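Chain by chain, the residues run as shown.
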Amino acid sequence: MTSANTSVEALAEAFGPPLYRYDLRELDAAHDRLTRALPGPHTLYYSLKANPHPRIAERLHRLGCRAEVTSESELETALAAGCPPAHCMVGGPGKTPALLDHALAHGVRDFSAESHGDLHRIGAAAGRAGTTARCLLRINPDHTSSAQAALTMAGLSSQFGVDAATVHADPEHYTRVPNAQLTGLHLYMGTGLDTTDALLTQFETALTTAAALAELGLPLERLNLGGGFGAPYAHAAVPSDFPGLRPQLAALLDEFTPSWTEGSPEIVYESGRYLTAPCGTLVCSVVDTKTSQGTTYVVLDAGINQLGGTARARHPPVPIEAHPLTPSPAPPTECRLVGPLCSPLDTWHEALPLQLPTPGDLFTVPNVGAYGLTAALIGFLGHRPAAEICVDGDTVVSATRLRLQRSPLAPRARSPY
Ligand SMILES: Cc1ncc(COP(=O)(O)O)c(C=O)c1O
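The structure presented is a predicted model; accordingly, all values stated were derived computationally and were not measured.

**A short note on the overall build of the protein**
Counting its secondary structure elements, the protein contains eleven helices and 21 strands. Relative to its length of 417 residues, the protein is compact, with a C-alpha radius of gyration of 23 Å against a globular reference of 22 Å. Judged by the C-alpha coordinates and their principal axes, the protein covers about 70 × 55 × 45 Å. When the 417 residues of the protein are sorted by exposure, 45% land in the buried category. In the protein, of all internal contacts separated by at least 6 residues, the share reaching a separation of at least 24 is 72%.

Set out below in structure tokens:
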């Protein structure tokens, strides 16, 4: 698009804060780090839930990622980014018949089934489309190995996947669903695994679980080991390149699935956070400062409407750090940094030492290319979503703003299902 100074200050000047700056070259670097850390051969899916920006999906597709999608909109983004339907996989609990029909009509054949009912609905939709779907059965292992995960999603009672013990009790129940051909297993157990050891422990649980199920006769042409590769989120830090993961994971694969290097099973990983978090910076600005009962408040033009919806819904909430773009050497005042929403929940920092800023001063939050704008409370209070600016070196390749739009809707004649 335009060659320009793509610094945070220049973009804020050109487009106005709040804005997300996505540096597409950081995607190249993250993809390179992750693929070097993983033993080959492998297939890597990009989980669009982390950031469905079309330019990000397109760049990761060009780098060789397939697309893991969970909605019509994510699927359309992946296809528009150039990802062929044969490289898209639809996952997530609560896949509606409408979503399944939509995916099948667009040529998608790969699904991750989260329950027996889900498997049946996938088969029924494939039958309506006159085809057979290839399904991975998502498994919830009997125990968790991911005590270090920021968010554990398996090994405990979970809405994700089928308990391994349930499959053990009646494996054939899952292999004889019309039009839903089971091709393998899917084990995604949690997100935010920051260390090689945490990843290895998780992969070992996955491989033990998968090997036991394969012994019962469950097909294992593909084995999706998930990932949960952790990366710094909303604070400044350098992502790990997971030293030692490659040889140690290769050794585990050799032990549990000796023919994996010949593609049997095909080893699959999926990642959202690790690939995209480092590329994004939120840039916002000070709107107001004031004092109340001895506390100094700094009000920013961005808050939980632009960042941090899912992160703050956690217990305890994920800390999110906004800092002045230009730190000042002057003696600091403790400030309560807040967003623009009419809720005391919209607080960045309770007591951040700052030189009192003035309206217009810029603040930034690093490493928010994942779970940023679209994971925020984007419609609450109706402020415009932050602009999203993609840069590639010194070129601005895309400058857009998401719009929430109400459109008229006629009642449907009757449910087609
Ligand atoms: C099934 C599944 N795959 C992939 C992901 C992406 O995880 P991450 O962004 O941590 O890589 C998630 C996140 O919730 C998930 O539930």
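**A closer look at the site of the ligand**
Not every one of the 17 residues close to the ligand is listed here, only the nearest: Ser47, Tyr188, Thr191, Gly272 and Arg273. Every element with two or more residues in the shell around the ligand is listed here: strand E12 (222-227), strand E13 (266-271) and helix H10 (273-276).

**Some remarks on the domain arrangement of the protein**
When the parts come together, some accessible area is lost, and that loss is often what is quoted as the size of the interface. Domain parsing of the protein yields domain 1 (24-276) and domain 2 (278-401). Put simply, the middle of domain 1 and the middle of domain 2, counted by C-alpha atoms, are 32 Å apart. Listed per partner, the contact involves 21 residues of domain 1 and 25 residues of domain 2. At the level of secondary structure, the elements contributing two or more residues to the side of domain 1 that touches domain 2 comprise helix H2 (24-37) and H10. At five residues, H2 tops the list of elements feeding residues into the side of domain 1 that touches domain 2. Residue classes in the side of domain 1 that touches domain 2 are distributed as twelve nonpolar, five polar and four charged.

**A look at the nonpolar core**
A general feature of soluble globular proteins is that nonpolar side chains tend to end up buried together. Counting 113 residues, the largest nonpolar core has Ala78, Ile122, Cys135 and Leu185 as the members making the most contacts within it. Per-element accounting of this core gives the leading share, seven residues, to helix H8 (residues 196-215). If we ignore the near neighbours within four places in the chain, the residues touching Leu185 are Leu136, Leu137, Ile139, Ala210, Leu213, Leu218, Leu220 and Leu223.

The rules behind the values
Residues numbered from 1 in each chain as written. Predicted model: local features only at pLDDT ≥ 70, side-chain atom pairs only at ≥ 80, totals over all residues. Helix = DSSP H or I, 4+ residues; strand = E, 2+ residues; numbered from the N terminus. Rg over C-alpha atoms; globule rule 2.2 N^0.38 Å. Buried ≥ 20, exposed ≤ 12 C-beta atoms within 10 Å, placed from the backbone. Contact = placed C-beta atoms within 7 Å. Near = placed C-beta within 6 Å. Domains from an automatic or database assignment. Nonpolar A, V, L, I, M, F, W, Y, C, P; charged D, E, K, R; others polar. Core = buried A, V, L, I, M, F, W, Y, C linked by C-beta atoms within 7 Å.

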